[in-house]
Amino acid sequence: MALPFIAESAASAIIGNLVSTCFSYLEVYPAPFRGGMQDELERLQHALPQVLAVLTAVEGGAPDMVENKALDAWLWQFRDAVENAEDVLDELEYYSKLKKTVEEARDGEVRGLLSNLKRKFNSVFNFFSNDTLKRSREAVKGLDRAVADMGPFLQLVNGFYGPSVKRQKLEDIMKARETSSTVIKSEVLGRDKERDRIVEWLIKPGDGDVDVSAYTIVGIGGLGKTTLAKLVYSDERVREHFDSIMWVCVSLDFDAAAIIRKILNYSHSTSLEALHEDLKQKVTSKRFLLILDDVWNDDKTMEWEQLVEPLKFGQRGSKILLTTRMDSVADMAAKAMKCKRESLNLNELEESDCMSLFNNYAFLGVNPDDYRNLQLIGEQIVKKLGGSPLAIEVIGGMLNYCMEYEYWKKILEEDKMKLQEGKDNIMAVLRLSYDHLPTDLQLCFRYCSLFPQDYTFKRKKLVNMWIGSGLIPKSICGGQRPEDKGKEYLNLLTRKSFFTCTTYNNGSKITKQYFMHDLLHDLAQSVSRGECIRIGRDDARITIPLTVRHLSVEKLNVPSIREISVLKNVRTLIASVKEDNIPEFIEVIKGFEKLRLLSLCNNFDFSKSPGAFDSLIHLRYLSLPQQIVENRSIGYDGLTNLVNLRSFDVSNHVIRNIPYISKLPFIHKLQEFIVREENGYKISELKNLKDLRHLRIDELENVRSSEEAIEANLNGKECLKSLSLDWSVDRSNCTEADEQLLDNLCPHINLNKLCIARYQGAKSPCWMTGLSLINLTSIELRFCQQWEHLPPLGQYSSLQSLCLMGLYAIKQIDCSFFGSNSRCAFPSLKKLQLWYMRNLEEWIGIDDKCMFPQLHSMSIIDCPNLREIPTLPYSLRQLLISKVGLTALPTINQDYANNNQQEHFQALESLVIGECEKLEYFPTDFFGKFNAIISLCIGDCPKLTKRGISDIQVPSVLGVLSIGSCGELEAPLLWSANLTSLTRLELVDCARIVSLPPAQVCAQWTMLYLLSIHNCKELSSFGGIQALVSLRSLAISGCDKLIEVALLQQPPFPNDLGQKKNAVDCLLKLDYLSIDHHALLLLEPLRSLSSISNLTISDASRLTSLPEGWLQNHTTLKELHIWNARSLLSLPLSMKKLCSLDVLVVEDANLIQSLPDLPTSLYSLKITGCHPVLKEQCQENIGPDWPKIAHIPDVRIE
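Quick caveat, the model's predicted, so the values are computed rather than measured.

1. Observations concerning the sheet that holds strand β14 (residues 647-649)
Part 1: Strands sit in the order β9-β10-β11-β12-β13-β14 across an open sheet of six strands; the sheet is parallel. Sheet topology places β9 (532-535) and β14 at the edges, where each strand pairs with a single neighbour. Pairs of neighbouring strands in the sheet enclose a mean axial angle of 10 degrees, with direction left out of account.
Part 2: For strand β10 (residues 550-556) and strand β11 (residues 572-577), the ladder comprises five bridges, and the chain directions are parallel.

Here it is in structure tokens:
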């Protein structure tokens, strides 16, 4: 099957550029350069329209292409020629840039490679090497040969892919994809929820402003969209609700007139106007449902409008239901109908439904019980099919053809894409979606086969890799930046359902992640064969075709390095290299002259081979493992050869040691540029780096003049999004110099994020007080210890995050901080941090304007002299106050975002108060007012009183509660009746708690999973914790009274706890128990524990022997950890009875001299600080105790 290997637009640009470039060189260097090239160039120029016609015909004929090996071979030949031409153009540009660099370099700065290049440029051709001249001739000849071989294919492609054939094929496809509203009962399983959701939407009253509205079912091919629509069509609730229900299969050709003819059931042609009139009469005064199945078009606005126009005469409440593979169709339908966008993204079937559907097809006509040997294989096959009903139907029907074990096993072991050839194959169904993509998007989709299944794609990284590998050349971007074009491509692929996008909020920022359905990943592998290859760690040996362009190898060893060494066309290499094989790999990689992208994972120490990649002049993307190297003497001069680099992901150590980094004009990120006084490292190196998006400059004190600072041209970097300006620590007498320097480092107005660290000036730079950076969303001022007066940051209308840290000279935050030029201060701020402001005493709010109306998170840490915080807004969700000199919590009742304050009572979700030694009280209505708090932590606030609070009722949704040294609030918080949602409870340094709540209270804590109790010195009773039915983790330490009570218990341990008269009715089933004294095991309910998996005794210093009776009754124990076992004399003989024990760890066991027989289940044994005799006893093969441990895989006795 012939693939459109290279986009027509890209090929046109490359060939045209090569021809015009070579013609211009012929004019300058006619005699030695020509060598017959002019005739070839003229032929190329003349044949270019025909070449593009062939490419256009092949691209346009993508659906159901006819297999033609000759055309396939010519396309590869043509692609090779075009890519060779692209390489030559790249080299010409490369040498031109180096020539300019040499000519501009000062004599003192020309060294090494530059000196060699200067001599080279003094040769006859003066600006590119003889090798490049030779390759340019070869590129022209290669294109000329490809064009000469093209002749036979002109008629072929017109026959296979010409307009009339394409029209016929489109009609064939549409006929093949024609659907009806009839439901086949065996098709329908597991879509009841989705059906009910759609039906409910259909029969509910329509929107008041819209007569006819639309709903779209979206999903990749094979998920059962059409089947679901059939279910809805035949549902009795729908049939009773609508006066008329119409079904139309739209398919690929979205033609309004054709669709209306299908609605009207017309077979004859008539004008669009007449069709409109007839449809208008059909729907007028009727509540109708129109189902448009298999819609593909998302851009023919006029056709949509022509279809919709007569439908608007239907009765209010009429609906349109669509099915599509493309999310963008839902947008188009809503736009055309002028209604709210409503859609359902259809997911895979549940596993149980998958099996039921599979059994319907695989065991059709037979009794499944007669084939029990096939059922397990069937389950494994279904798991490979990604929950796709169509795939299950296809494979189930195929397996039903042959009910033999060997056949089913063979199918299980095959790749899904080989399960069935032909039009019924699931890949053929999905292939239709792929064929419908523009060629540029096909290239990007195929590329994704380099990644493993279930890979999480990050937008920025994927787009940068597309660009780096040459899939988005500048020639197709028009006026757009390639990054913007790449984002557009990813959005289009997502809207067309080739990717699924999920939004992830980690608290500080919202990020998008992209996923590809397993079947779509298989499709990507299928359509990229010969072009993209991924070899996983466990893959059987795969032959790599010589045509491969993009290669991913999970583990390169010597054989695989030798195999890839013969590849000459690789543009992308993603690999993990074994450390021992790095020298061989480096030698091979030097021959990859066409390489655009190199990404190495694990083990690669670049500091040992700093010149490994200096010759890869086509590289756009270089990613190497992060590593820490302190040696500053290692130089990476050769990296400046890579003048085309855009994405440069390497260790900070490498960045710091690249001289003359200005020679890499296209790089986007410099995460640590250290200014030095020596040539090649001055701040002026940044001058020409106009494409920088992210920049951090360190050791700014080495900038020696204002002129140097201005020469960095920060103000001219329009693309710069984040900037960090950093000085070194431990400097003195530098206030005036820092102020003057910072004034001259004004960034461009487009900057989003700014960080200033260790600046020793006393005043703000003029460009911050002047509010020129109107696009700032984040500001961080860190350890600027002399900064006395803050700029009017409240006036930055776009600011969303503000961090003030270590500003020791700030004593007061007053109205100047908020600004005076608007009615609202910090209108967009969502996150505020005040950390280590040790001398901050006063924070004065403002009464006459709003403040922080959008604030979500605020943290104030180590501001010991701050006595008061202004009133905060209801929008606040997270509040953290630690080491602050407050006597009372701030009031939270300011509401500028919404007049309905009750809505904002729900906002506060997390409250952490710690080490506020002066804090005396909470507002009286605090706990009743904020009923959405899910995490509450109060610790080291010993002066807290109940002042005015008669009854503490914490919110019923509270999930995490941490109480520690909080005065009179300790017991009331713990005994609150509303802890029904509690999952984690931590008690630390609670001097006023003598007992945990009784069983009737604990029984309400039905969700409590983890309980941790530390240093509660007065605690003497576990209360009713035996009623905690969900508790799985319990940790106790430092509870002296509890240990005293435990030591009074007699007798130590009965052998049969079931006969103990006083044993409690214990519901505890712990997975993990940690105690710091073995006597605690004598206390109920720990004494009566029936189930435990992991026991840790964190301080066994007074333990001479393990509680043998307790251990005998806990044979389910899997892990036993004993720390500080310096008094332990031996392990008990009953250890062998712990038949489930996997791990045994005994630390500081200096008295144990021999081991008992150990359980056969033991996997890991670790004894540290052991007696020398024990080590001798356990010597491998010769020690007397060796037979007792020989069966254990992991043994460490040291």
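2. So, the nonpolar core
Nonpolar side chains tend toward joint burial in soluble globular proteins.
Part 1: Counting residues in each nonpolar core, the largest one holds 207 residues, and the members touching the most others are Phe613, Ile697, Ile756 and Trp843.
Part 2: Here this core takes five residues from helix α26 (residues 582-589), the largest share from any one element.
Part 3: If we skip the residues at most four places from it in the chain, Phe613 touches Ile589, Leu598, Leu600, Phe604, Phe606, Leu622, Leu624 and Leu642.
Part 4: Judged by nonpolar contacts, the second largest core, of 56 residues, contains Ile245, Trp247, Tyr434 and Leu441.

3. Observations regarding the environment of Leu567
Part 1: For Leu567, the position within the fold is in the loop between α25 (558-564) and β11.
Part 2: As for Leu567 and Phe592, which are separated by 25 residues in sequence, their C-alpha atoms are 7.7 Å apart.
Part 3: Look past the residues within four positions of Leu567 in its chain and what remains in contact with it is Ile544, Pro545, Leu546, Val548, Leu551 and Phe592.

4. Concerning the sheet that holds strand β1 (residues 212-218)
Paired through their backbone hydrogen bonds, the strands of a sheet run either parallel or antiparallel.
Part 1: Reading across from one edge, β2-β3-β4-β1-β5 is the order of the five strands in this open sheet, with parallel pairing throughout. The two strands at the open ends of the sheet, each matched to only one other strand, are β2 (244-251) and β5 (343-345). Across the sheet, the mean angle from the axis of one strand to that of its neighbour is 15 degrees, orientation sign disregarded.
Part 2: The strands touched by helix α9 (residues 192-203) within the sheet are β1, β3 (288-295), β4 (318-324) and β5, with β1 carrying the most contacts at an inclination of about 170 degrees.

5. Describing the packing of helix α21 (residues 439-447) against helix α23 (residues 482-495)
Part 1: Interaxial distance between α21 and α23 falls to 10 Å at its minimum, and their mutual angle equals 85 degrees. As summarised for this structure, α21 and α23 are arranged roughly perpendicular, according to the angle between their axes. Contact residues: Asp440, Leu441, Cys444 and Phe445 in α21; Tyr489, Leu492 and Leu493 in α23.
Part 2: Looking at the contact of α21 with α23, its residues break down into six nonpolar, no polar and one charged.

6. Details of the state of the cysteines
Part 1: Using the criterion set out here, one finds one disulfide in the structure.
Part 2: Across a sulfur-sulfur distance of 2.2 Å, Cys824 and Cys850 are joined as a disulfide pair. Here the disulfide of Cys824 and Cys850 is left-handed, its torsion about the S-S bond being about -135 degrees. On the criterion of sequence distance, the pair formed by Cys824 in strand β22 (residues 824-825) and Cys850 in strand β25 (residues 850-851) is long-range, its members being 26 residues apart.

7. Digging into the packing of helix α22 (residues 459-468) against α23
Part 1: In contact at an axis separation of 9 Å, α22 and α23 are set at 115 degrees when each is read in the N-to-C sense. Relative to α23, the element α22 is oriented roughly perpendicular. The interaxial crossing formed by α22 with α23 has right-handed handedness. Note on element contacts: α23 touches α22 through Pro482, Glu483, Gly486, Lys487, Tyr489, Leu490 and Leu493, opposite Arg459, Leu462, Val463, Asn464, Trp466 and Ile467.
Part 2: A per-class count over the contact of α22 with α23 returns eight nonpolar, two polar and three charged.

8. Here's the deal with the confidence of the model for the protein
Part 1: Mean pLDDT for the protein: 81, with 83% of residues reaching 70 or above.
Part 2: Segment residues 897-905 is flagged for pLDDT under 50; beyond a separation of four residues in sequence, or across chains, it makes 16 contacts in the model.
Part 3: Low pLDDT, under 50, characterises residues 1054-1063; the predicted model gives this stretch 16 contacts beyond four residues in sequence or across chains.

9. What about the pattern of salt bridges?
Part 1: Counted according to the given criterion, the structure contains 31 salt bridges.
Part 2: Here Asp698 makes a salt bridge to Arg696, at a shortest N to O gap of 3.0 Å.
Part 3: Accessibility expressed as a relative area gives 7% for Asp698, which makes it buried.
Part 4: Between Asp726 and Arg758 there is a salt bridge, with the nearest N and O atoms lying 3.0 Å from each other. Of this pair, Asp726 sits in strand β17 (residues 722-726) while Arg758 sits in the loop between β18 (753-757) and α30 (766-769); the two residues are 32 residues apart in sequence, bridging distant segments of the chain.
Part 5: For Arg758, a relative accessible area of 24% puts it in the partly exposed group.
Part 6: A cluster of three or more residues bridged by salt bridges with shared partners is formed by Asp192, Arg195, Asp196, Asp235 and Arg237.

What counts and how
Residues numbered from 1 in each chain as written. Predicted model: local features only at pLDDT ≥ 70, side-chain atom pairs only at ≥ 80, totals over all residues. Heavy atoms only, no water. Pairing = 2+ DSSP bridges. Helix = DSSP H or I, 4+ residues; strand = E, 2+ residues; numbered from the N terminus. Axes fitted to C-alpha atoms, helices over the stretch in contact; angles between N-to-C directions. Core = buried A, V, L, I, M, F, W, Y, C linked by side-chain atoms within 4.5 Å. Buried < 20%, exposed > 50% of the residue type's maximum accessible area, 1.4 Å probe, protein only. Contact = heavy atoms within 4.5 Å. Parallel < 35°, antiparallel > 145°, perpendicular 65-115°, else oblique. Nonpolar A, V, L, I, M, F, W, Y, C, P; charged D, E, K, R; others polar. Disulfide = S-S within 2.5 Å. Left-handed = near helix turned anticlockwise from the far one by under 90°. pLDDT = per-residue confidence, 0-100. Salt bridge = Lys/Arg side-chain N within 4 Å of Asp/Glu carboxyl O.

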